Amino acid sequence: MKKASYLIHKPRFRCFSSSSRVTAISSEVSSIVHSVDPMEPALEQVVPFLSPEIITSVLQEQRNPYLCFRFFVWAAKRKQFRSWGSHNLMINLLVSDNSHLFDAYWRALEEIKSYGLRIPSDAFAVLIAGYWETKNAEKAVESFGKMKDFDCQPNLFTYNLILHILVNKGMILLALAVYNLMLKLNCHMNCSTYTILIDGLCKSDDMSDALNLFNEMSQRGIVPSKITYTVVLSGLCQAKRIDEAYQLFENMKTTSIKPDFITYNALLNGVCKLGKMDEAFDLLKSFKKDGFDLDLNSYSSLIDGLFRAQRFKEAHDTFHNMTNTGITPDVILYTIMIRGLCDEGRVDDAFKLIKEMTDKDLVPDTQAYNTLIKGFCDKGLLDEARSLKLEISGVDDFPDSCTYTILISSMCRYGLVDEAQNIFNEMEKYGCGPSVITFNALIDGLYKSKQPEKSFHLFHRMEIGKNPFLFLRFNQGSDRVVERVTELCESGSPLEAYKLLTQISFLPTITTNNILINGLCKAGLLDAALNLFKKLKVKGNTPDSVTYSTLIHGLESVGREKDAIMLLKEMVENGCKPTPAVYKTLMKWSCRRNKTFAAFNLWLEYLKTVSKRDEEVIKLVENHLQNGEIERPMRLLLDMDIKSRDLDPAPYTIWLIGFCQVHKTTEALKLFAILKEYDITLTPASCVMLITTLLRESNLNMALEVFHYSLQKDFILKPRICSNLLRSLIRSHDMSNHAIELMKKMDSCGYDMDSIKCFVVSTQSKQGMQNVLTK
C-alpha cells in the first residue's frame with residue numbers, strides 16, 4: 001500500500017485559518033482517495049481532523065463516481081460525519097442522466113465487502129432513495145432485501161424510508177410485514193414510523209387499524225406530531241367519520257401540539273369533500289378566531305367543495321375573490337376548476353383553462369388532462385376525447401392507466417363495446433397495464449352488451465393475471481397471502497413479497513364479482529349468481545354489502561322471499577353489517593307484496609343497529625304500529641332522525657308508495673301531510689303513485705294538490721300521469737277550469753305541452769276535451 005504524505009505533515013493543519021484549513025484537509029483527503037487503495041485504512045488516520053463540512057467538500061471535488069461512492073460509504077460509518085448535504089449529494093449524483101452510476105455504486109459496495117469492511121445502513125439508504133427518485137420501486141425494495149448479503153442491518157432511517165416507499169406504492173400489506181419484523185427485532189421506532197404506517201392504512205380505507213396504531217404509539221410513549229394528527233384527521237374525514245375528526249381536532253388543541261395551518265386545512269378539506277359547505281363556512285368563522293387566514297390550499301378546498309355541492313356560481317366567485325387577493329392558482333386548483341367546468345357542461349371553457357395554464361408557465365399534469373378527457377366523455381364528445389389523448393400522448397407519462405380506463409368506461413356506457421375492446425388492446429400493446437378498475441369497466445360493458453362469454457373470458461383472464469400459477473397457489477384466501485408476505489419478509493426476501501403483491505393486484509376484486517353477480521341476477525340466472533357467490537369464499541374474496549344487496553334484490557325479484565331473508569341473516573352472522581340499502585330493498589319488496597307493516601318493522605330492525613338512535617323511542621314506535629297508528633309513530637321517528645342529524649327520506653317515501661299499493665289512501669295522505677310539514681322532499685315516483693291512487697278514487701282536489709307540490713319541487717312527471725290528471729279534470733264539470741290553469745303552470749315550468757296534449761287526445765276522443773285543450 002502506498003504511503004500518504006498526510007502522515008508526515010499532519011501538524012500543519014492547525015496553522016491554517018478556518019476556511020484555509022478546510023481546503024487543506026479536503027485536498028489531502030482527496031489525495032488519499034485517489035492515490036491509496038484500499039483508501040479506508042488510510043482515511044482512518046485523518047478522522048480527528050474531519051467534519052461533515054469537509055466530507056461534503058471532498059465529495060463535491062470528486063470526478064470519479066466510483067471513488068466518490070467509496071469515500072461516502074466510509075464516511076457514513078461515523079455518525080458525526082453524516083449530513084443531509086452529503087446524503088443528498090449522493091442521491092443527486094445517482095439520479096443524474098448517467099444510468100451506469102447505480103452499477104458503479106454496487107461495484108463500490110462489492111469492493112468494500114471484499115476487504116471485509118463494515119458497510120453502514122446509510123449507504124443503502126442513499127441507494128434505495130436513488131432508485132425511488134428514478135421511479136424504480138422494485139429496485140429500491142430489492143436493494144433493501146440485499147442488505148443482509150452485505151451483513152448490513154437496516155437502521156431506523158432506512159426502515160422508515162422503505163416503509164414510505166411501500167406505502168406510496170400501495171403495498172400496505174408488505175409495509176405492515178416490515179413493521180412486524182421491526183417489532184420482532186426490537187427495533188426502536190419513532191413518530192415517523194407510525195405516521196407513515198397510519199397514513200398507509202388511512203389511504204387503504206382501514207381506519208380501524210389506523211386508529212389502533214395511533215393508540216399504540218401513545219402506549220409506547222411516542223408523542224404524535226402535528227403531521228400524525230393531520231394524517232389521522234384526514235383519514236377520519238375520508239371515512240366520513242366527521243364527528244370523530246372534530247373531536248380529534250379539539251383534543252389536539254388541549255395538547256402541547258397545537259394545530260397549524262396544515263391541520264386546519266385538513267379538517268376544512270375533509271368537510272368540503274363531503275359537500276357540507278354551510279358547515280365549512282361555519283368552520284371558517286371559528287378558524288378565523290384562532291388567527292387562521294385563507295391560503296391557496298384553503299381556497300382549493302372551498303372551491304372543490306362548492307363544485308361538488310353544485311354551487312357553481314359561488315365556486316367561480318370564490319376563485320375570483322382568491323385571485324383578487326393576489327393568490328396565484330397552481331396546477332391542483334386549475335384541475336379543480338377544469339373538473340368543475342366539466343360538471344357544469346362547459347367543456348370548451350375547461351379546455352381554455354389548459355391553454356391559460358401553459359400561458360402562465362404552469363405545466364398541466366396527467367390528472368389535469370384526464371379530468372378534461374373525462375369531461376369530454378361525460379358530454380358524449382368521445383371523438384374529441386380520443387383526439388386530445390392522441391394530441392398530447394407522450395407528455396409527462398400521459399396517457400396512463402387512468403386515461404385508458406376513462407375512455408373504456410365511456411365507450412361501454414355509450415354502447416361502443418367493440419371500440420372499448422380496441423382501446424383495451426391498444427393499452428396493453430403500449431405497455432400500460434390495465435388496473436382492476438379497467439377490467440371491471442370492460443367486463444361490465446361486455447355483460448350489458450349481452451356478450452357474457454367474452455365477459456367471463458376477461459374475468460378468468462383477470463384471475464390468472466401475469467402468472468398462471470399465482471392464482472392457483474393463493475386461491476385458499478387472502479389470509480394465506482398475508483401469511484406468505486410475512487414469511488417472505490421475515491426470511492429476507494421482500495422483493496419476492498413485492499412481486500407477489502404486484503401480481504395479486506390483478507386478481508378480481510369483490511367489485512368485479514359484484515358486476516358479474518348483478519348481470520346474472522338481471523338475466524334471471526339466480527342459481528348461477530348464487531354459485532358465483534359461494535365461490536367467493538373459496539377464493540378469499542369476502543362478500544360485501546353490495547354483494548348481499550344485489551343477491552337479495554335478485555331473489556326478491558323472482559319471488560324467493562324466504563331465501564332473501566335467509567341471506568340477510570347470513571350476512572349478519574358473517575359479520576357484514578347490512579347497509580340501509582339492503583333494508584330498503586327488502587322494504588320495497590315487502591310493500592309490493594302488500595306487507596307495509598312488515599316493511600316498517602324491517603326499518604326499525606335497521607335503526608336498532610345504529611348507535612345514535614334511541615331504543616326507547618323505537619320501542620314506543622313499535623307499540624304504536626301494533627295498535628294500527630300511523631301519525632304518532634311517524635312523528636316520533638322523524639323527530640329522532642332530526643335530532644341525530646341523520647334523516648334519510650327514502651324509508652318514508654317507500655312507506656307512502658306502499659300505502660298506495662295496498663289502497664290505504666287515508667294513511668298515505670296522512671304521511672304526505674306529515675312529510676310536507678317536516679319539509680321532507682318526496683320523490684317524483686311517490687308523487688306519481690299518490691296521484692294515481694287519488695285519481696282512481698276520484699279525489700281530484702288532493703290529486704291536484706299533490707301535482708302542485710311536484711311543480712313547486714321542479715319535478716317533471718311523465719306525460720301519462722299528466723294526461724290522466726288533465727283528462728280527469730276535464731271530465732269533471734266542477735274541475736274543468738282547473739285543467740286550463742294547470743296547463744298554463746305546466747307550460748311555464750318547462751313541460752312539453754304539445755306531447756301532453758297529443759297524449760290526452762289520443763287516449764280520449766271526446767269532443768269537449770278537444771275544445772278545452774285548444775283554448
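Let us look at the structure shown here. (Residues numbered from 1 in each chain as written. Predicted model: local features only at pLDDT ≥ 70, side-chain atom pairs only at ≥ 80, totals over all residues. Heavy atoms only, no water.)

## Things to note about the overall build of the protein
Then step 1. Looking only at helices and strands, the protein has 46 helices and zero strands in total.
Then step 2. Along the longest, intermediate and shortest principal axes, the C-alpha atoms of the protein span 125 × 60 × 55 Å.
Then step 3. A burial count over the protein gives 50% of its 775 residues as buried.
Then step 4. Once the 92 positive and 91 negative side-chain charges of the protein are each reduced to a mean point, those two points are 2 Å apart. (Helix = DSSP H or I, 4+ residues; strand = E, 2+ residues; numbered from the N terminus. Buried < 20%, exposed > 50% of the residue type's maximum accessible area, 1.4 Å probe, protein only. Lys, Arg positive; Asp, Glu negative; His and termini not counted. Charge placed at Lys NZ, Arg CZ, Asp CG, Glu CD.)

## Focus on the environment of asparagine 212
Then step 1. Mapped onto the elements of the fold, asparagine 212 is located in helix α13 (residues 207–219).
Then step 2. Among the residues examined, asparagine 212 registers a relative accessible area of 45% and is labelled partly exposed.
Then step 3. Each C-alpha atom of the pair asparagine 212 and isoleucine 392 lies 45 Å from the other, and the pair is 180 residues apart in sequence.

## Re the state of the cysteines
Then step 1. Counting across every chain of the model gives zero disulfides.
Then step 2. Cysteine cysteine 591 is unpaired, with the sulfur of cysteine 660 as its nearest cysteine sulfur at 10 Å.
Then step 3. A relative accessible area of 2% means that cysteine 591 is categorised as buried. (Disulfide = S-S within 2.5 Å.)

## Re the nonpolar core
Then step 1. The biggest cluster of nonpolar side chains holds 262 residues, and the ones touching the most others in it are Phe71, Tyr105, Leu109, Leu174, Ile198, Trp655 and Phe707.
Then step 2. In terms of residue count, the dominant contributor to this core is helix α5 (residues 65–75) (nine residues).
Then step 3. Aside from chain neighbours lying at most four places away, what touches phenylalanine 707 is Ile691, Leu717, Cys722, Leu725, Leu742, Met746 and Tyr751. (Core = buried A, V, L, I, M, F, W, Y, C linked by side-chain atoms within 4.5 Å. Contact = heavy atoms within 4.5 Å.)

## Some remarks on the environment of glycine 345
Then step 1. For glycine 345, the location among the structural elements is in the loop between α20 (331–344) and α21 (347–359).
Then step 2. In this structure, the C-alpha to C-alpha distance between glycine 345 and lysine 379, residues 34 residues apart in sequence, is 6.9 Å.

## Looking at the pattern of salt bridges
Then step 1. Under the counting rule described, the total for this entry stands at 41 salt bridges.
Then step 2. Salt-bridge contacts for aspartate 37 lead to arginine 70; the nearest nitrogen and oxygen are separated by 3.8 Å. Of this pair, aspartate 37 sits in the loop between α2 (18–35) and α3 (39–44) while arginine 70 sits in helix α5, placing them 33 residues apart in sequence.
Then step 3. By relative accessible area, which is 52% here, aspartate 37 ends up exposed.
Then step 4. Given a relative accessible area of 2%, arginine 70 falls into the buried group.
Then step 5. Here aspartate 149 and lysine 148 are joined by a salt bridge, their closest N and O atoms 3.5 Å apart.
Then step 6. With a relative accessible area of 41%, aspartate 149 lands in the partly exposed category. (Salt bridge = Lys/Arg side-chain N within 4 Å of Asp/Glu carboxyl O.)

## Observations concerning the packing of helix α9 (residues 137–146) against helix α10 (residues 156–168)
Then step 1. α10 packs onto α9 with a crossing angle of 150° between their chain directions and a minimal axis gap of 11 Å. One way to sum up the angle between α9 and α10 is to call them roughly antiparallel. Two packed elements cross with a definite hand, and for α9 against α10 that hand is left-handed. Two secondary-structure elements touch here, α9 through Ala137, Ala140, Val141 and Phe144 and α10 through Thr158, Tyr159, Ile162, Ile165 and Leu166. (Axes fitted to C-alpha atoms, helices over the stretch in contact; angles between N-to-C directions. Parallel < 35°, antiparallel > 145°, perpendicular 65-115°, else oblique. Left-handed = near helix turned anticlockwise from the far one by under 90°.)

Honestly, it's all geometry; don't read function into it.
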